[in-house]
Amino acid sequence: MTFADTEIAPPEPPRYVMFWRRYRRNRAALLGLFLFAIVIIMALSAGIVDPGDPLRRAGEPLTPPFLNWDTPLGTDQLGRDVLSGVFYGARISLLIGVVATLVAIVIGVIIGALAGYFGGWIDDLLMRITEAFQTIPSFVLLLTLVAIMGSKIEWITIAIGIVSWTAPARMVRAEFMSLRGREFVDAARNLGVSSPAIIFREILPNALPPIVVYASVIMALSILMESALAFLSLGDPNYASWGNMIGQGRAVLRSAPYCAVIPGIAIILTVLSFSLLGEGLNDALNPRQKKQ
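Bear in mind that the values here come from a model prediction, so they are computed numbers and not experimental data. (Residues numbered from 1 in each chain as written. Predicted model: local features only at pLDDT ≥ 70, side-chain atom pairs only at ≥ 80, totals over all residues. Heavy atoms only, no water.)

J.: Could you give an account of the overall build of the chain, naming the residues involved and the relevant values?
T.: For the chain, the helix and strand inventory stands at 12 helices and zero strands. Reading the secondary structure of the chain in the N-to-C direction produces α-α-α-α-α-α-α-α-α-α-α-α. Counting all 292 residues of the chain, 44% fall into the buried class. Once local pairs closer than 6 in sequence are excluded, the contacts in the chain between residues at least 24 apart make up 71%. For the chain, the accessible area works out to roughly 15800 Å², and carbon and sulfur atoms hold 66% of it. Treating the 23 positive side-chain charges of the chain as one cloud and the 21 negative ones as another, the clouds have centres 4 Å apart. (Helix = DSSP H or I, 4+ residues; strand = E, 2+ residues; numbered from the N terminus. Buried < 20%, exposed > 50% of the residue type's maximum accessible area, 1.4 Å probe, protein only. Contact = heavy atoms within 4.5 Å. Areas by Shrake-Rupley, 256 points an atom, 1.4 Å probe, with all protein chains shown as cover. Lys, Arg positive; Asp, Glu negative; His and termini not counted. Charge placed at Lys NZ, Arg CZ, Asp CG, Glu CD.)

Given below as structure tokens:
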């Protein structure tokens, strides 16, 4: 047999190529990516759509949509532009979602990693603390924290992260308990690698895929929690957020329902985009998926 007759296996595609191939097989996930891209574009272009203050008076109060092209989606009861509020609200929602998710993931990863790696009394203590948090409904705890810390957007975001860390902690703990006995962990211990290095360099990268997927759920819940607080007049009134728009629009719900319906639709589509993104990430990061 000559060299020309031998078959050479094609090179393995890069990981990001395999990731995208698995992701795009899910049509719903592509829809989620499209909706998420729209929200990103809205947030980035808010200053172009309306360079001024979104809370300023832009026209006559309660102007219906499509009657005045200076305010194409109408105005609220204070004469503020609804379109401007929707675009600037995308910024606030993404900010809250990203920062609150980071806070929740950091707390959850630290507690779950320590509990899952060391086990014993450390695991018992940290899981009792986790269970104590879980016995209190998340929104009730959030209301308590906001009442204590105040209604500034920074404190609201941190409070949402604090009430959202328990599920990631349990997920990380389960992953660490299944990985801490693997050969590569034993090899690292035999080489004298310290426990922090084993936790964060060896085990954690292999435990992250389910956490990345669940991060999309936390982002969606964070937006809903902020909206619920704003609906109860506990949001930060100094920022144009979708929740504030809905909360203020309920006073004119019968005479001008668009004041609450339009930001409500924005929230629904954004939360839907995160849910579909999470589904797609689960398909793409699941090692049991067949290679294409």
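Let us keep going from here.
J.: Can you lay out the packing of helix H4 (residues 82-118) against helix H12 (residues 258-285) for me, pointing to particular residues and giving the numbers?
T.: Between H4 and H12, the shortest axis-to-axis distance is 11 Å and the interhelical angle comes to 35 degrees. As H4 runs across H12, the sense of the crossing is right-handed. For the pair H4 and H12, contact is made by Val82, Val86 and Leu94 and by Tyr258, Ile262, Ala266 and Phe274, respectively. Taken together, the residues of the contact of H4 with H12 break down into seven nonpolar, no polar and no charged. (Axes fitted to C-alpha atoms, helices over the stretch in contact; angles between N-to-C directions. Left-handed = near helix turned anticlockwise from the far one by under 90°. Nonpolar A, V, L, I, M, F, W, Y, C, P; charged D, E, K, R; others polar.)

J.: Report on a nonpolar patch on the surface, specifying residues and quantitative values.
T.: Taken together, the side chains of Leu95, Val98, Val99 and Leu102 make up a nonpolar region of the molecular surface, amounting to roughly 320 Å² of accessible area. Considering the arrangement of structural elements, one finds valine 98 in helix H4. Classification of valine 98 as partly exposed rests on a relative accessible area of 39%. (Patch = residues over 30% accessible without salt bridge, like charges linked within 9 Å, V, L, I, M, F, W, Y side chains within 5 Å. Salt bridge = Lys/Arg side-chain N within 4 Å of Asp/Glu carboxyl O.)

J.: Any chance you could break down the environment of leucine 62 for me, citing the residues and the numbers?
T.: Relative to the assigned elements, leucine 62 resides in the loop between helix H3 (46-49) and H4. On a C-alpha basis, the gap between leucine 62 and aspartate 76 in space is 4.9 Å, while along the polypeptide they are 14 residues apart. For leucine 62, the contacting residues outside a window of four places in its chain are Thr75, Asp76, Gln77, Val252, Ala256, Tyr258 and Cys259.

J.: Summarise helix H7 (residues 153-162); cite the residues concerned and give the values.
T.: When H7 is considered as a whole, its buried residues turn out to be Ile153, Ile156, Thr157, Ala159, Ile160 and Gly161. Turning to H7, the residues buried within the fold contact H4, helix H6 (138-149) and helix H10 (195-231).

J.: Talk me through unusual backbone geometry; I want residue IDs and the actual numbers.
T.: You will see that leucine 62, though not glycine, has its phi angle at about 55 degrees, which is positive. Given a relative accessible area of 32%, leucine 62 falls into the partly exposed group. At serine 233, a position not held by glycine, the phi torsion is positive, near 65 degrees. Here serine 233 shows up in the loop between H10 and helix H11 (242-249). Judged by its relative accessible area of 57%, serine 233 is exposed.

J.: Describe in detail helix H2 (residues 27-44), supporting the description with residues and values.
T.: An ideal rise of 1.5 Å per residue puts 26 Å on 18 residues; H2 measures up with 26 Å between its terminal C-alpha atoms. Within H2, burial applies to Ala29, Gly32, Leu35, Val39, Met42 and Ala43. Along the long axis of H2, the arc covered by the buried residues comes to 135 degrees, so they all point the same way. Facing away from the buried side of H2 by more than 90 degrees, the exposed set consists of Arg27, Phe34, Ile41 and Leu44. Two or three places before alanine 28, at the start of H2, stands the capping residue asparagine 26, its side-chain oxygen 3.0 Å from that residue's backbone nitrogen. (Expected span 1.5 Å × (residues − 1). Arc of directions from axis to C-beta. Polar contact = N/O pair within 3.5 Å; in protein donor to acceptor, adjacent residues only side chain to side chain.)

J.: So, the side chain of threonine 130: which residues are in play, and what are the values?
T.: Structurally, the position occupied by threonine 130 is in helix H5 (residues 120-134). Looking at threonine 130, the relative accessible area reads 0%, which means it is buried. A distance of 2.9 Å separates the side chain of threonine 130 from the backbone oxygen of leucine 126, its partner in a polar contact. Ignoring anything within four residues of it in the chain, the contact list for threonine 130 reads Ile111, Trp165, Thr166 and Arg170.

J.: Provide a residue-level description of the nonpolar core, including the pertinent values.
T.: As a rule of thumb, soluble globular proteins bury nonpolar side chains together. Judged by nonpolar contacts, the single largest core of 33 residues is most densely connected at Val82, Val86, Trp242 and Phe274. Sorting the residues of this core by element identifies H2, H4, H10, H11 and H12 as the ones contributing at least two each. Top contributing element to this core by residue count: H12, with 10 residues. The contact partners of phenylalanine 274, leaving out residues within four places of it in the chain, are Phe36, Leu94, Ser216, Met219, Ala220 and Ile223. In terms of nonpolar packing, the next biggest core, distinct from the first, is built from 23 residues, Ala169, Val172, Val185 and Ile203 among them. (Core = buried A, V, L, I, M, F, W, Y, C linked by side-chain atoms within 4.5 Å.)

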